[in-house]
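In case you want the letters, here they are:
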Amino acid sequence: MAGIYIHIPYCKQKCTYCNFHFRIAQKDKTEMLNCMKKEITRRINYLDSKEIATIYFGGGTPSYISSKHLEQLVARLKSMMSWESAQEVAFECEPGTLTQSKLQTIREIGVTRLSLGVENLNDTVLVENGRAHSTKEIYRVIPWIHDLEFDQLNIDLIAGMVGETWESWKDTVKRTIDLDPDSITVYQMELPFNTVYSKEILGNDNSGMQVANWKTKREWHNFAFEQFESADYRISSAYTMVKKTKPSHFVYRDAVWHSSDLLGTGVASFSHVNGVHFQNLTDWKSYIDSLDTNRLPLGRALATNKSEKLVREMILQLKLGRIKTTYFLEKFGVNILEEFASGYNRLRDEGMLTLAEDQVILTRKGLLQVDQLLPEFYDMKYRNSRYT
């Protein structure tokens, strides 16, 4: 089982909290997409004999490119691999980039899971955080999406955007339920060091900026989960809730969190193949020049040992809210409750999780701050590392 990640590195504008790798100018779009096709051609043999279970279009903003370019890219992909066995084709969208015809194209190329980057349903908050869409555009595209009957519509929200208040967040949560998505994903706002907001804060140029602290963000996250549960959604992970009446799975997430091979393509994209993690060149020109001269655009790589593979899977699966110890015993020959006894016991004593003979189950308190708990299990050499 394996997956393909396709990084479309273009956005309409820069969100002030974003640290992802993208470009606004599209003058080199045709050249970039042609290079991505070359890269796929040269690397597809990495997944020889493996069944392609998931294809994921991420970014950037995949829905920002034209239907013509999207169709050409997909045609090249399908000429090299079969999508017949794919359990999921996922596609990230920004509401303001969608038209009825583009959504029709997205459906026709085989997309089954559409993830709509709503983030918030308050125009003042959206503008403050540099989002390129408005609530009017969200309400315009939702009927088109429902009419096309995608297998799954996911809506992304961010708890703690700059300018957010309890009143505006409660309204966003209520209106999200009214939009009737199949799943809802809630992230707590993070500000890595290289975002616009972070630079303003570090430079003391943040007068009047309302930035919620972690306690408040967790409270907002919890409120959203409580409201979604009341609306007949159930918890799928620390971030995502799905309709009870329409059980759905996020194949891409589950594949990555269980260490399935993932081949990424595009500038700065990450891959994981046979236990080796590697990232493409992050410099735009270097990426294009490499492929134009028949060289792979490899930027850096890390071959993991057995212990690192175990820890990676364990911390990723903890984000699901529960893990079975027997899974790790069978796959790695390790009893994780013995190997990581000090960490698990400490988190249990802090009320973050409960321990059973064959399960670790996060409490709601632990689930809402799972990302802050995971370093407990890192090898010492990886602790306090900057991840961007």
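Structure shown above.
Residues numbered from 1 in each chain as written. Predicted model: local features only at pLDDT ≥ 70, side-chain atom pairs only at ≥ 80, totals over all residues. Heavy atoms only, no water.

Chemist: When you look at the overall build of the protein chain in this model, what are you seeing that I'm missing?
Modeler: Looking only at helices and strands, one finds 16 helices and 15 strands in the protein chain. Computed over its C-alpha atoms, the radius of gyration of the protein chain comes to 21 Å, within 12% of the 21 Å expected for a compact globule of 388 residues. Of all 388 residues assigned to the protein chain, the portion counted as buried reaches 53%. Within the protein chain, contacts between residues at least 6 apart in sequence are counted, and of these 70% link residues at least 24 apart. (Helix = DSSP H or I, 4+ residues; strand = E, 2+ residues; numbered from the N terminus. Rg over C-alpha atoms; globule rule 2.2 N^0.38 Å. Buried < 20%, exposed > 50% of the residue type's maximum accessible area, 1.4 Å probe, protein only. Contact = heavy atoms within 4.5 Å.)

Chemist: I tried to follow the packing of helix α11 (residues 306-318) against helix α12 (residues 325-332) on my own but got confused; where do I start?
Modeler: Helix-helix packing is described using two parameters, namely the angle between the two axes and the distance between the axes. With their axes 11 Å apart at the nearest point, α11 and α12 run at an angle of 160° to one another. On the basis of their axis angle, the class for α11 and α12 is roughly antiparallel. For the crossing formed where α11 meets α12, the hand is right-handed. Residue-level contacts link K306, K309, L310, E313, M314 and Q317 of α11 to Y327, F328, K331 and F332 of α12. Split into classes, the residues belonging to the contact of α11 with α12 amount to five nonpolar, one polar and four charged. (Axes fitted to C-alpha atoms, helices over the stretch in contact; angles between N-to-C directions. Parallel < 35°, antiparallel > 145°, perpendicular 65-115°, else oblique. Left-handed = near helix turned anticlockwise from the far one by under 90°. Nonpolar A, V, L, I, M, F, W, Y, C, P; charged D, E, K, R; others polar.)

Chemist: Could you clarify how one ought to interpret the layout of surface pockets in this entry?
Modeler: Summary: where empty space remains is shown by rolling a probe the size of a single water molecule over the atoms. One number sums up the size of the second largest pocket: a volume of about 290 Å³. Split by residue class, the lining of the second largest pocket holds five nonpolar, five polar and five charged. (1 Å grid on protein atoms, 1.4 Å probe; cavity = no way out; pocket = protein on both sides within 12 Å on 5 of 7 lines; lining within 4 Å. Points joined across faces, edges and corners; volume = space filled by probe spheres on them.)

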